[in-house]
Amino acid sequence: MFYLGDCLEGMKELDDRSIDAVVTSPPYNLNIKYSKYKDKKPREQYLKWLEDIFVECKRVLKDDGHLFVNMGYSNVDPWVGMEVGLVIRNSMHLQNHINWVKSIAVHNKQNKSFTTYGHFKPIPGERFLCPTWEHLFHFTKDGNVKLDRLSIGVEYEYYEENLRH
C-alpha cells in the first residue's frame, strides 16, 4: 500500500510493528530545487529531522522488518550519506551497507575493449570524479534478520551455482 503525504505524520497513524519494510531515499540536503520542499536545512536541523523519521520507522517496523535507505553520493557534500547512516545507527543496527553501482565497465576479451553499462551524471571540471555509486543502507532492529540475498541485486555472471549453497 502507498500513502501520499508527510511521512512523519503518516507513520504516526500506523500501528506499532505493522510494516514489513521501509524503502526510502530522503532528500540529500544539497539545495536541490523541489516543488514543495526546501532542500537546504542547517545540518543539525536536517539530521534531527531525519532522526525523528527513522525513530518512527523503527516503531512501525515489525521485529523482523527491514529499513533500506538510499543516500546518493555527492562531491558537493561527500559526508552527508555517512552522517545520515550514523544518525540511524542511534536507534537501529546496520546489517548491510550496499554500494549501488550505477555503471559498470565490462571487458570484452575478443576485441580488448570495455563497454560501460548503466548511467552516471558527468561532472564538469578537473577536481572531481564522476560519482558512479550511492549508499544503500540496510538497517534492522537487531542486526540479525534473514533476507533472501539471491533475490537482491544482479545475478553473478560467474559462480552463481556456488551462491546457492
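See the structure shown above.
Let me begin by describing the structure that accompanies this report. Please read all numbers here as calculations on a predicted model, not as lab measurements. (Residues numbered from 1 in each chain as written. Predicted model: local features only at pLDDT ≥ 70, side-chain atom pairs only at ≥ 80, totals over all residues. Heavy atoms only, no water.)

Attention now goes to the pairing of strand β2 (residues 61–72). Of all the twelve residues making up β2, nine are buried; the element is thus mostly covered by neighbouring parts of the structure. The pairing of strand β1 (residues 19–24) with β2 spans five bridges and is parallel. By the bridge assignment, I19 is partnered in β2 with L61. Between β1 and its parallel partner β2, the chain crosses via helix α2 (residues 43–60), and the hand of that crossover is right-handed. Looking at chain direction, β2 and strand β6 (residues 133–140) are connected through six bridges and run antiparallel. If you follow N70 over to β6, its bridge partner there is L136. (Buried < 20%, exposed > 50% of the residue type's maximum accessible area, 1.4 Å probe, protein only. Helix = DSSP H or I, 4+ residues; strand = E, 2+ residues; numbered from the N terminus. Pairing = 2+ DSSP bridges. Right-handed = clockwise from strand over helix to strand, strands pointing away.)

Turning our attention to the packing of aromatic side chains. Going through the model one piece at a time under the given rule, you end up with five aromatic pairs. Here the aromatic cluster, defined as three or more aromatic residues joined through ring pairs, consists of Y34, Y37, Y46 and W49. Directly above the ring of W49 sits K41, whose terminal nitrogen or CZ lies 5.1 Å from the centroid. (Phe/Tyr/Trp six-rings, centres within 6.5 Å; stacked < 30°, edge-to-face > 60°. Lys NZ or Arg CZ within 6 Å of the ring centre and 35° of its normal.)

Before going further, it helps to examine the packing of α2 against helix α3 (residues 80–89). α3 packs onto α2 with a crossing angle of 45 degrees between their chain directions and a minimal axis gap of 9 Å. What the angle tells us is that α2 and α3 run oblique. Classified by chirality, the crossing of α3 by α2 is right-handed. Across the interface between the two elements, R43, Y46, L47, L50, E51 and F54 from α2 touch V80, E83, V84, V87 and I88 from α3. Here the contact of α2 with α3 is built from residues that sort into eight nonpolar, no polar and three charged. (Axes fitted to C-alpha atoms, helices over the stretch in contact; angles between N-to-C directions. Parallel < 35°, antiparallel > 145°, perpendicular 65-115°, else oblique. Left-handed = near helix turned anticlockwise from the far one by under 90°. Contact = heavy atoms within 4.5 Å. Nonpolar A, V, L, I, M, F, W, Y, C, P; charged D, E, K, R; others polar.)

Another point: the pattern of salt bridges. By the definition in use, this model includes eight salt bridges. Across the pair D20 and K62 runs a salt bridge, and its minimum N-O distance is 3.0 Å. Here K62 lies in strand β2 and D20 lies in strand β1, a separation of 42 residues in the sequence. Judged by relative accessible area, D20 falls into the partly exposed class, the value being 49%. (Salt bridge = Lys/Arg side-chain N within 4 Å of Asp/Glu carboxyl O.)

As a further point, take the environment of M82. Relative to the elements of secondary structure, M82 occurs in helix α3. Sequence separation between M82 and H135 is 53 residues; the distance between their C-alpha atoms is 8.3 Å.

Time to look at the side chain of H135. Among the secondary structure elements, H135 is positioned in strand β6. On the basis of relative accessible area, H135 is assigned to the buried category, the value being 3%. For H135, the side chain forms a polar contact with the side chain of H97, separated by 2.9 Å. (Polar contact = N/O pair within 3.5 Å; in protein donor to acceptor, adjacent residues only side chain to side chain.)

Taking 1.5 Å per residue as the helical rise, α2 with its 18 residues ought to reach 26 Å, and the 26 Å between its terminal C-alpha atoms agrees with that figure. Buried within α2 are the following residues: Y46, L47, L50, I53, F54, E56, C57 and V60. Where the residues of α2 are buried, they touch α1 (7–12), β1, β2 and α3. (Expected span 1.5 Å × (residues − 1).)

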